[in-house]
Amino acid sequence: MPRVVTVVLVAVGLVSALAGGAPDPAAELASRDIIGQRAAEALEAVDRLAAAVDPALEAGRVAAAGLLTGEGSPSAPIEEAARLAAAAEERVLDARRAVARLTSALDAARPDAVVPQPVAAGELASIGAQLDAAIDAAETFVGLRRRATGLPGRLDDALARLDSGAVAGAREQVAAARDDHSAVVAWETDLATLPVWIETTDAMISAVEQIVEAVEADDAAAAKESAAAFAALGADGARADRALRIALGEGGSAVLAAPLERLAAVMGGIEATRAALRDLVGAGR
């Protein structure tokens, strides 16, 4: 190849390299600055979102704990959790936009870097609505819990009234216990241990009913026999009480399980986004 041609080719190659083939340090620095700035802005927006979601999750957990302990009405704490979840939706758009702006810069300069969106638009509003919809089920559960746990006390009261000669009052208490039992039987649930309680308490109610009938009939022998039958159920009663506690624990947990799992998943997504953003902010320093 003639020397002149070789020189020309080398010169062309150098020009090409200078024109765009070689890295431009200034451009790379500018790109890194843009990515760092947008990552920091996105991190601030996602932090604000997390600060809004965390109280909703905590309120939901408080409401769930209240269902398990049976303290007070569940409506107010569930409504608070629903309100906070719905309010946190207001932070979602800003966070998503900030992450999208960062992603557009990364696509050009660092296509290997991936920053996931923290949460889908509308997810928190949907969770808030689901929490609101669970209030009726929670109230029903609390009502059934009170009836079930109060049933043995009604039977004890019925026997105490018989002792004092208040036969009519005793019959009223037994009838109320039977109503409570029927309400729990009608509860649409598949809790595995509840049938143990249902069977045992049915036998206990029947025994007290027979005692009341014997007293009303002034049949001392029948009353004594029914009282012995009731006393014999003592061990079964303890087993039924344990079965009821297990069933109520499972039933109470199930009422808010779905929305709380979704809220926890949202927080998990937010944390994944924050971790990716922190890495980018740290790399830009």
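Residues numbered from 1 in each chain as written. Predicted model: local features only at pLDDT ≥ 70, side-chain atom pairs only at ≥ 80, totals over all residues. Heavy atoms only, no water.

## Digging into the nonpolar core
Thinking step 1. Core analysis: the largest hydrophobic core is formed by 79 residues, its most contacted members being V53, L124, L131, L194, W197, L256 and L263.
Thinking step 2. Secondary-structure elements contributing two or more residues to this core are α2 (25-69), α3 (75-88), α4 (92-109), α5 (123-133), α6 (135-163), α7 (167-185), α8 (194-216) and α10 (234-283).
Thinking step 3. Per-element accounting of this core gives the leading share, 16 residues, to α2.
Thinking step 4. Not counting residues within four places of it along the chain, the set of residues in contact with W197 comprises A148, L151, H181, V184, A240, A243 and L244. (Core = buried A, V, L, I, M, F, W, Y, C linked by side-chain atoms within 4.5 Å. Buried < 20%, exposed > 50% of the residue type's maximum accessible area, 1.4 Å probe, protein only. Helix = DSSP H or I, 4+ residues; strand = E, 2+ residues; numbered from the N terminus. Contact = heavy atoms within 4.5 Å.)

## A closer look at α3
Thinking step 1. The first and last C-alpha atoms of α3 sit 20 Å apart over 14 residues, in line with the 20 Å expected at 1.5 Å per residue.
Thinking step 2. Turning to α3, its buried residues are S75, I78, A81, A82, L84, A85 and A88. (Expected span 1.5 Å × (residues − 1).)

## Some thoughts on the environment of G72
Thinking step 1. Mapped onto the fold, G72 is located in the loop between α2 and α3.
Thinking step 2. Exposure remark for G72: the relative accessible area of 44% places this residue in the partly exposed category.
Thinking step 3. Between the C-alpha atoms of G72 and V142, which are 70 residues apart in sequence, the distance is 8.7 Å.
Thinking step 4. Setting aside residues no more than four positions away along its own chain, G72 makes contact with V142 and R146.

## Observations concerning unusual backbone geometry
Thinking step 1. The residue D218 is not glycine, and still its phi comes out positive at about 60°.
Thinking step 2. On the secondary structure map, D218 appears in the loop between α8 and α9 (220-232).

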